[in-house]
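Descriptive analysis of the structure
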Amino acid sequence: MNTKIEVYGVKAVQRPKIPASKKLDLSGEFGQQIVKSETKLALRTHKRTFEKLAYM
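Remember, predicted model here, so these are calculated numbers, not experimental data.

With that out of the way, let us pick up the overall build of the protein. Check the secondary structure of the protein and you find two helices and zero strands. At 21 Å, the protein has a C-alpha radius of gyration far larger than the 10 Å of a compact globule built from 56 residues. Expressed as a percentage of its 56 residues, the buried residues of the protein come to 4%. Approximately 6200 Å² of the protein is accessible, and the part contributed by carbon and sulfur atoms is 58%. Charge-centre separation for the protein: the mean point of 12 positive side chains lies 6 Å from the mean point of 5 negative side chains.

A grouping of Ile5, Val7, Tyr8 and Val10 is seen on the molecular surface, where their side chains present a nonpolar patch of about 450 Å² in accessible area. By the element assignment, Val7 lies in the segment before helix H1 (29–45). On the basis of relative accessibility, which here comes to 70%, the residue Val7 falls in the exposed class.

Reading the values: the criteria
- Residues numbered from 1 in each chain as written.
- Predicted model: local features only at pLDDT ≥ 70, side-chain atom pairs only at ≥ 80, totals over all residues.
- Heavy atoms only, no water.
- Helix = DSSP H or I, 4+ residues; strand = E, 2+ residues; numbered from the N terminus.
- Rg over C-alpha atoms; globule rule 2.2 N^0.38 Å.
- Buried < 20%, exposed > 50% of the residue type's maximum accessible area, 1.4 Å probe, protein only.
- Areas by Shrake-Rupley, 256 points an atom, 1.4 Å probe, with all protein chains shown as cover.
- Lys, Arg positive; Asp, Glu negative; His and termini not counted.
- Charge placed at Lys NZ, Arg CZ, Asp CG, Glu CD.
- Patch = residues over 30% accessible without salt bridge, like charges linked within 9 Å, V, L, I, M, F, W, Y side chains within 5 Å.
- Salt bridge = Lys/Arg side-chain N within 4 Å of Asp/Glu carboxyl O.

So this is what it looks like as structure tokens:
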């Protein structure tokens, strides 16, 4: 438990351990939403790169 935050007047709490997993299901409606949002982010972030690739 991290007690360094108690210096700032915040009480440290015990958090449950959640194991990481590499399984990601993109087949459902929630998965489609993840794909759409990540695609929009990539297109917005690398806009000029995709424009250059379009004219190659």
